[in-house]
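# Coordinate analysis (summary)
Each chain, written out:
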Amino acid sequence: MQATAAQNRKAVAELAVNGGPKVRPDPFPGRHMLGVEEKAAVAALFDAAIASGNAFGYNGAAEEAYCQAFAAFMGGGYADAVNSGSNAVYVALRALELEPFTEVIVSAITDPGGMMPIPLLNCIPVVADAAPGGYNTDPDQIAALISPLTSAIVVAHIGGEPVDIEGIMALAKKHDIPVVEDCAQAHGARLNGRLLGTFGDLAAFSTMFGKHHCTGGQGGVVFTRSEALYRKARQASDRGKPFGLPQGSTNCIASLNMNLNDLAATIGKIQLEKLPGLVERRRALVARLTAGLKELSSIRIPALLPGAEPSYWFWRLEVNEDALTCDKAAFCRALAAEGVPVNPSYRAMPHEYDWYVNRRVFGTSGLPWSAPQYKGDPNREFPCPNAIAATGVQFNLGVHESWGKREVEDALTAFRKVEKAYLKMED
Ligand SMILES: Cc1ncc(COP(=O)(O)O)c(C=O)c1O
């Protein structure tokens, strides 16, 4: 629907960003992630510790139970609970025993913790652009980067939206390259009915407090269906302890202590029980919002891969700047002023940050890029035009399971209000 100039002027003046009344004066609800169930489980752990006189620790019954529950949730396999998602990526890569100065292909849009483990292993991050029109990478972007130096691929399912992991696995298999799925943002998401994290050789999850399910403040899980890789992961996450090796073996590799602990695992186990319902709720909310947003010409709802069932860590949307008198930034500013939780830009590209640009991994040495053993181009650049283009027009809506009918209605009202103000005029 085209607006007239007079309608536009009135609507612009009424925007909260210009001093008008907010659609949503009170804040959207918090997630209410932690409840009486977690509190009771933690209290029971304390009670047991007090009664026995022995502090709870790590790798105890509680952590074991969480790891088993996690593996069962994934449909079988092995889970090693660690103390962050970054360390889950590190441990997963460590389990692959990569040779130093080889290249690891990694998604452009990711968290620093999804990329930094690569140079910390003395490997070279080779950055795969996003597929056109989205945040996630795809098999074509990765195929263009595969070389004899490639030793692994780390692929992130950003925002809980499945990457074409089937295509990537087929490509990786052809070249005999192992794949780590970075599922930090994708707990419970599926592609063609299969849970993300079950496609790759290993998967890394973050369970910090902002993720779908958490283990308290921080945490992570390494998941694999391979017993051999699980053993390597356990060794890597606990100072090379000879996990799975014959009696009498000693610490077999140098590593750090990246274990989770029984307190965090106690929380995680309860959280895991809530995960399927939470993911369902997010999907239902997105379906309701989709029905409302479809009527608007200011918003494009990006297409998903066929068979994708995201778990919506956030919801990626696109502003149709062609239909508007403003750009995406102004549109999102106006939405936020109405009280809607939006992240206006997800240009989360760790290779644009200082640490990468200045090669600050091991002092000022420039290692691993500067090593004579590295046979690639240490100054190779990864401009990633698709990722930049997508993040230029797309933004994230912070939808989550605690939204109710009122939040959906308020969000849709705010979208309509902002569209009305900025729609291009007829005259
Ligand atoms: C894709 C991705 N990978 C890795 C991480 C690192 O996880 P953590 O913050 O638990 O270290 C995150 C965190 O948000 C992430 O989103």
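Described below are features of the structure shown in this document. Owing to the predicted nature of the structure, the values given are computational and were not obtained by experimental measurement.

## Structural notes on the overall build of the protein
In terms of regular secondary structure, the protein is built from 14 helices and 14 strands. Compactness check: the protein gives a C-alpha radius of gyration of 23 Å against a globular reference of 22 Å for 427 residues, within 12% of the reference. Projecting the C-alpha coordinates of the protein onto the three principal axes gives extents of approximately 85 × 60 × 40 Å. With 427 residues in all, the protein has 47% of them scored as buried. In the protein, once contacts between residues fewer than 6 apart in sequence are set aside, the share between residues at least 24 apart is 71%.

## A word on the site of the ligand
Every one of the 15 residues lining the ligand counts as a neighbour, but Gly-85, Asp-111, Gly-113, Gly-114 and Ser-206 are closest to it. Contributing elements (two or more residues each) for the shell around the ligand: α4 (85–95) and α5 (112–115). Class assignment of the residues belonging to the shell around the ligand gives a composition of four nonpolar, nine polar and two charged.

## Observations regarding the nonpolar core
If you look at the biggest cluster of nonpolar residues, it comprises 81 residues, and the most contacted ones within it are Val-91, Ala-92, Val-180, Ala-204 and Val-222. In contact with Ala-204, not counting residues within four places along its chain, are Gly-85, Ala-88, Val-89, Ala-92, Val-180, Asp-182, Cys-183, Ala-184, Gly-220 and Val-222. Ranked by size, the runner-up nonpolar core spans 30 residues in total, among them Leu-15, Leu-293, Ile-299 and Val-319.

## Here we look at the packing of α4 against helix α9 (residues 227–237)
Direction vectors running N to C along α4 and α9 enclose 125 degrees, while the axes themselves pass 8 Å from each other. One element, α4, and the other, α9, form an angle in the oblique class. Between α4 and α9 lies a crossing of right-handed hand. Contact residues: α4 offers Val-91, Ala-92, Arg-94 and Ala-95, while α9 offers Leu-229, Lys-232, Ala-233, Ala-236 and Ser-237. For the contact of α4 with α9, the residue count by class is six nonpolar, one polar and two charged.

## Considerations on the environment of Gly-244
Within the element layout of this structure, Gly-244 appears in the loop between α9 and α10 (262–293). On the basis of neighbour count, Gly-244 is assigned to the partly exposed category, with 14 C-beta atoms found within 10 Å. Placed twelve residues apart in sequence, Gly-244 and Lys-232 show a C-alpha to C-alpha distance of 8.6 Å. In this view, Gly-244 contacts Arg-231 and Arg-234; residues no more than four positions away in its chain are not counted.

## Thoughts on the sheet that holds strand β14 (residues 394–397)
Strands sit in the order β10-β12-β14-β13 across an open sheet of four strands; the sheet is antiparallel. Single-partner strands in this sheet number two, and they are β10 (299–300) and β13 (342–343).

## Describing the packing of helix α3 (residues 61–73) against α10
Where α3 contacts α10, the axes come no closer than 8 Å and their chain directions differ by 30 degrees. The hand of the α3/α10 crossing is left-handed. Counted together, Ala-62, Glu-63, Ala-65, Tyr-66, Ala-69, Phe-70 and Phe-73 of α3 and Asp-262, Ala-265, Thr-266, Gly-268, Lys-269 and Leu-272 of α10 form the full contact between these two elements.

## Thoughts on the environment of Asn-87
The topology assignment puts Asn-87 in helix α4. Using a count of 26 C-beta atoms within 10 Å as the deciding quantity, one classes Asn-87 as buried. Note: C-alpha distance between Asn-87 and Met-258 (171 residues apart in sequence) is 6.7 Å.

## Focus: the pairing of strand β4 (residues 150–156)
A large share of β4 lies buried, amounting to seven of its seven residues. When strand β2 (residues 103–107) meets β4, the two strands line up parallel, connected through four bridges. Directly across from Glu-103, in β4, lies its bridge partner Thr-150. In the sheet, β4 pairs with strand β5 (residues 179–182) via four bridges, with the strands oriented parallel. Each bridged residue has a counterpart across the sheet, and for Ile-153 the counterpart in β5 is Val-179. Crossover connection from β4 via helix α8 (residues 165–175) to parallel β5: handedness right-handed.

Calculation rules
Here the residue numbers are simple positions, counted from 1 along each chain's written sequence. Since the coordinates come from a predicted model, pLDDT governs what is reported: local features require at least 70, and pairs of side-chain atoms require 80 or more to be given and counted, while whole-chain, interface and lining totals use all residues. In this description a helix means any DSSP run of H or I spanning at least four residues, a strand means any run of E spanning at least two, and both kinds are numbered starting from the N terminus. For the radius of gyration, the atom set is restricted to C-alpha positions; the globular benchmark scales as 2.2 Å times the number of residues to the power 0.38. Each residue is classed by its C-beta neighbour count within 10 Å, where at least 20 other C-beta atoms makes it buried, 12 or fewer makes it exposed, and intermediate counts make it partly exposed; the C-beta atoms are placed from backbone geometry. Any two residues are considered in contact once their C-beta atoms, placed from the backbone, lie within 7 Å. In this analysis, residues qualify as near a molecule or strand once their C-beta atom, positioned from backbone atoms, comes within 6 Å of it. As a working rule, the residues Ala, Val, Leu, Ile, Met, Phe, Trp, Tyr, Cys and Pro are called nonpolar, Asp, Glu, Lys and Arg charged, and the rest polar, with Gly in that last group. Definition of nonpolar core: a set of buried Ala, Val, Leu, Ile, Met, Phe, Trp, Tyr and Cys residues joined via C-beta atoms within 7 Å. Comment: axis = line fitted to C-alpha atoms, over the contacting stretch for helices; angle = value between 0 and 180 degrees taken between N-to-C directions. Each angle gets one of four labels, with under 35 degrees taken as roughly parallel, over 145 as roughly antiparallel, 65 to 115 as roughly perpendicular, and the rest as oblique. Left-handed is the label given to a crossing in which the near helix is rotated counterclockwise from the far helix by less than a right angle, and right-handed is the label when the rotation is clockwise. DSSP calls a pair of strands paired once it identifies at least 2 bridges connecting them. Here, the term right-handed applies to a crossover whose path from the first strand over the helix to the second runs clockwise when the strands point away from the viewer.

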